[in-house]
Amino acid sequence: MTASPSAVGSRVADDHESQLHAAIDICDPAPLLMSLVHVTGDTGLLDEFGSRLTIGEPGNHYRTGTRPTTPPGQYPDDVVADIRARAHELLTPEMDDRLGVPEPELFGRMANVATSERVDEEFVPILREQAGFVLSERRVPVTVTPPADFSVIVIGAGIVGINAAIKLQDAGFRYQVFETRHEIGGTWSRNTYPGAAVDTPSHYYSYSFELNPDWSKYYPSGTEYQKYLKGVVDTYGIAENISLSTRVLSAHWIDDEHVWEVTVESADGTREVHRARAVVTALGMLNSPNIPDVEGMDSFAGTVVHTAEWDENLDLTGKRVVVLGTGCTSVQVVASIVDRVKSLDVVVRSPHWIVPEKSVVNDVPEGEKWALAHIPRYHEWFRLRSYWFASDNLYAMPRIDPEWARTHFSASPANEMVLETALNHLRSSFADRPDLVEKLTPDFRPYSKRIIKDPGFFRALAREHVALHRASFQRVAPDGVVTTEGEFIPADVIILATGFALEFTTSIDIAGRDGRTLAGQWKNGNDPRAYLGIQVSGFPNLFVTAGPNSAPNHGAGHNILSEEHVHYIIECLQYLVENGHDALDVRQDVLDEYNRKVDEALDKTVWVHPGAEINGYYRNSEGRAVVPCPWRLVDYWTLLREPNPKDFDFIDPATPRDERNGDASK
Ligand SMILES: Cc1cc2nc3c(=O)[nH]c(=O)nc-3n(C[C@H](O)[C@H](O)[C@H](O)COP(=O)(O)OP(=O)(O)OC[C@H]3O[C@@H](n4cnc5c(N)ncnc54)[C@H](O)[C@@H]3O)c2cc1C
C-alpha cells in the first residue's frame, strides 16, 4: 500500500522537525547562538549571552605562554545548555534568516561573542568574506566590459586555477585553462596514496563562495576533496574552458604586440601556439616528486613507489613494506596501511614535531551536517570560528622572541607551548618505549618544519610488526634496504614518502621583456622573488600565484591564498581595461623594496634560522625562506585588495583599442 501525499508530506515535516532538534542537541553552540540572532533578528541575544562569557584577547595565551583551561572559544556548560534550550524553543523547520548579512559594526559584535575573543575592526572585512557571508568586493570601478582581445591564459587546474577560471568568467574575461594532467584537482588528483587527506579543516579549507555542508570528516580524504573540486567545476560550468592533458611548454612576451605567446603540447605530442594578453600561472609548488638518488634502487626486485605516483593496483596485504620519510605524507601512509602489511619499517632521517588532534580522524556527526546545511548562517559562523582560531592567533608561533630564545630551546612562549604539547603527546604515547621517544624527538624548534597532526602514526609505531629507524637509505639491495646505520631491512615494497622538490614555475620556459627568462631571474627557481608574491619586473601581465613568500605558513590554508591572489589579479586586469592600458609591469625598485621588507620580517622567524632545513620546504640553498609569507593574514589580504597604480609601469596600445580589430586569443 502506498501512503497518501499528505501522509508523506507530514512524515517529511516530522523528520525535519526531529532532525532539527537532534542537530540542536549536538551542534556547536557558538554558531548556533549566531543563527538564533539571524533567525529571530533579535540582537539582544548577543548582550544576554555575551555578558555571561569572558571575551578574551585574541591569541593572548599563545603570546604569554599561559595554557588556557578550556580550548579557545569554548562556552561554559551552563551557557551552552541555555543556548540549546533557547534554540529548541525558537527554531522551527520553516526558519529563515531575518537578519541577512550583518553590517560591519554588528558583525564585529557578533564575532566577539561567536569567538569569545575581541575581534578588532580590522578583521571584519576579511572575516565577512572568508567565512562566506559576502563575495570578495570588487574595488576597481567596473564600468568597462573586458574587450574580446583581452584574453587570459591560466596554467594549471588545481584549487587556484579553478578559482581563477570562475572569477575570470564572472568578471567577463575570455580565458582558457591548460592542465597537463588528465583531470582537474592538482594536488588532490595527484596524491592518491593510502591515507592521503587534507590537514587543514575543510569547513574552512574550501572556497568561501562554495561552502560544502557534506564533508564526511573534519579532515576529509584527498578523494573526497577531489570530488568537491569536480563538483565546483560542474556548478560553475567551466569545464569546457579547461583543456586537460595539455602541457604548457613556454610563454613568451611579444614586446611589440603586448601579448603572451603560449606554446602547449597535447598528450599525443601535437603543439599549438595560443596568444593572450595575460598569463596566470597556477602551478602550486609541489609538482615534482622528490626521488632520492640511492645506490642500487634500480636493482630492487620488489616495487618502489613514490606517494605522489601511487599505483592503485598495488596491493600491500601481507607485504614487507619500508617507508622512507617523515613528513605529513609518511605519517598518513603509515597510519593507513599498518593493519594490512606483514611488517612495516619506517626510516626517518629527521622527525617532525607531531601534535595530537582528535578530529583528524573523526567523522562529522549527522546532526552537525544537518545544522551546516539547514540552520540559517550556521555554516558561515562555523567556518568563521574554524578560520579564526587557526589564523592570525597563531602568528606568534614561528616568530623569535630574542630574549626568550637566548635561554630556551624554543623560540618564544608560544613556540614553547607547541613544543610542550608535542613532547607530551610523544612521551604519553610511548611511556614504556624510551627508545622511540629518543628517536622521534626533533632537534629543531617547532614550526621550522610543518607541524603534523597525528592521524594514528604513534599508535601504529607502537605495534609489534612495526619498527622505526632514525636513519636514511644507504643503498638498496634486490631484496631490501641497507640504512645509513648499517641495518639491513628485508622488503617487498619501498614507499618513498619523500615529498616534492620545491618548484616555482621554472618548469616552464617563461621569457619576458628583452628576452629575460624567469628561470634566469630566479636562479633556476632557487631564489624566487616577486612583488606581493605575484608579480615580477620585466614580465608584464604575468601573474604567478602561490609565488615566493606568499604561503600562509603560520595558519589558515592554501584556500585563502587562492582567493586573495585571484581577487588581486582580477582587480589588476580590470584596472587595465578601465584605463585603456594593455599591460602593467611592476617597477623593479618597488619589487626590491618589497622583498627587503619580506626578508627583514622573515629574519625574526624560525624559518630562516638553523633547524629549518636548507633546500627543504622553507629554505633555499642560501638559507633564505622562499615559501612563507611574513605578514599577518589580515595584512596580506588587505595588501591584495587592489593594485596601487604607482607601483607599475603601464604599457599602452600603439593603436587605441577601438581602432584595433582583433582577437588576440589564438
Ligand atoms: C599531500 C598533500 C597534502 C596537502 N594538504 C594541504 C592542506 O591540508 N592544506 C593546505 O592548505 N595545503 C595543503 N597542501 C598544499 C597544496 O598543494 C595546496 O593546498 C593546493 O592544493 C595547491 O593548489 P594549486 O592550485 O596552487 O596547485 P596544485 O594543486 O599543485 O595544481 C597545480 C596544477 O598545475 C598543473 N601543471 C603543472 N605544470 C603544468 C604545465 N606545464 N602545464 C599545464 N599544467 C601544469 C599540475 O598538473 C596541477 O594540476 C597539501 C599538499 C600535499 C602534496
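Keep in mind that this is a model prediction, so the values were computed, not measured.

Enquirer: How do you make sense of the domain arrangement of the chain when you look at a structure like this?
Expert: One frequently used descriptor of interface size is the decrease in accessible area upon assembly of the parts. Partitioning the chain into domains gives domain 1 (5-119 + 366-393), domain 2 (151-288 + 502-659) and domain 3 (290-360 + 412-500). Distance between the C-alpha centres of domain 1 and domain 2: 35 Å. Listed per partner, the contact involves 13 residues of domain 1 and 21 residues of domain 2. Both sides together, the interface formed by domain 1 and domain 2 hides about 1,300 Å², and carbon and sulfur atoms give 59% of it. Where domain 1 packs against domain 2, one counts 0 salt bridges. For the pair domain 1 and domain 2, the number of links is 7 residue pairs in polar contact (both at pLDDT 80 or more). Mapped onto the side of domain 1 that touches domain 2, the elements with two or more residues apiece are α12 (366-374) and α13 (378-388).

Enquirer: How should I be thinking about the packing of helix α2 (residues 29-40) against helix α5 (residues 77-90) in this particular structure?
Expert: Between two packed helices, what matters for the description is the angle formed by their axes and the separation of those axes. In the contact formed by α2 and α5, the axes pass within 10 Å of each other and the chain directions differ by 35°. For the pair α2 and α5, the sense of crossing is left-handed. Together, Pro29, Leu32, Leu33, Leu36 and Thr40 of α2 and Val80, Ile83, Arg84, Arg86, Ala87 and Leu90 of α5 make up the contact between the two elements. Residue classes in the contact of α2 with α5 are distributed as 8 nonpolar, 1 polar and 2 charged.

Enquirer: Before we go on, may I ask you to explain the sheet that holds strand β17 (residues 488-490) in this structure?
Expert: What links the strands of a sheet is backbone hydrogen bonding, and the strands pair in either a parallel or an antiparallel sense. With antiparallel pairing, 3 strands are arranged side by side in an open sheet as β15-β16-β17. The sheet terminates laterally at β15 (473-477) and β17, the two strands that pair on one side only. Neighbour to neighbour, the strand axes of the sheet diverge by 20° on average, direction disregarded. In the sheet, β15 pairs with strand β16 (residues 480-483) via 4 bridges, with the strands oriented antiparallel. By the bridge assignment for β16, Val476 is matched with Val481.

Enquirer: Would you explain the packing of α12 against α13 in this entry?
Expert: Where α12 meets α13, the closest approach of the two axes is 6 Å, and the angle between their N-to-C directions is 115°. It follows from the interaxial angle that α12 and α13 lie roughly perpendicular. Here Glu368, Ala371 and Leu372 of α12 come into contact with α13, specifically with Tyr378, His379 and Phe382. Tallied by class, the residues present in the contact of α12 with α13 amount to 4 nonpolar, 1 polar and 1 charged.

Enquirer: Help me understand the state of the cysteines in this model?
Expert: Put plainly, a disulfide is one covalent bond tying together the sulfur atoms of two cysteines. All told, the structure shown has 0 disulfides when counted by the stated rule. Among the cysteines around Cys629, which has no disulfide bond, Cys572 carries the closest sulfur, lying 16 Å off.

Enquirer: Even after reading the chapter, I still don't get a negative patch on the surface, so can you show me in this structure?
Expert: On the surface, Asp14, Asp15, Glu17 and Glu94 cluster together to form a negatively charged patch. You can see Glu17 is positioned in helix α1 (residues 5-26).

Enquirer: Hey, could you run me through empty space enclosed by the protein in this one?
Expert: Where empty space is left can be seen by rolling a probe of water-molecule size over the atoms. Counted under the stated rule, the structure contains 2 cavities of 30 Å³ or more. Space inside the largest cavity adds up to approximately 50 Å³. Contributing to the lining of the largest cavity are 13 residues, with Ser550, Pro552, Cys629, Leu633 and Tyr636 lying nearest its centre. Those elements that provide at least two residues to the lining of the largest cavity are α19 (558-579) and α21 (633-639). Broken down by element, the residue count for the lining of the largest cavity peaks at 3 residues, all from α19. In the lining of the largest cavity, the residues fall into 8 nonpolar, 3 polar and 2 charged.

Rules behind the numbers
Residues numbered from 1 in each chain as written. Predicted model: local features only at pLDDT ≥ 70, side-chain atom pairs only at ≥ 80, totals over all residues. Heavy atoms only, no water. Domains from an automatic or database assignment. Contact = heavy atoms within 4.5 Å. Buried area = accessible area lost by both parts, 1.4 Å probe. Salt bridge = Lys/Arg side-chain N within 4 Å of Asp/Glu carboxyl O. Polar contact = N/O pair within 3.5 Å; in protein donor to acceptor, adjacent residues only side chain to side chain. Helix = DSSP H or I, 4+ residues; strand = E, 2+ residues; numbered from the N terminus. Axes fitted to C-alpha atoms, helices over the stretch in contact; angles between N-to-C directions. Left-handed = near helix turned anticlockwise from the far one by under 90°. Nonpolar A, V, L, I, M, F, W, Y, C, P; charged D, E, K, R; others polar. Pairing = 2+ DSSP bridges. Parallel < 35°, antiparallel > 145°, perpendicular 65-115°, else oblique. Disulfide = S-S within 2.5 Å. Patch = residues over 30% accessible without salt bridge, like charges linked within 9 Å, V, L, I, M, F, W, Y side chains within 5 Å. Areas by Shrake-Rupley, 256 points an atom, 1.4 Å probe, with all protein chains shown as cover. Lys, Arg positive; Asp, Glu negative; His and termini not counted. Charge placed at Lys NZ, Arg CZ, Asp CG, Glu CD. 1 Å grid on protein atoms, 1.4 Å probe; cavity = no way out; pocket = protein on both sides within 12 Å on 5 of 7 lines; lining within 4 Å. Points joined across faces, edges and corners; volume = space filled by probe spheres on them.

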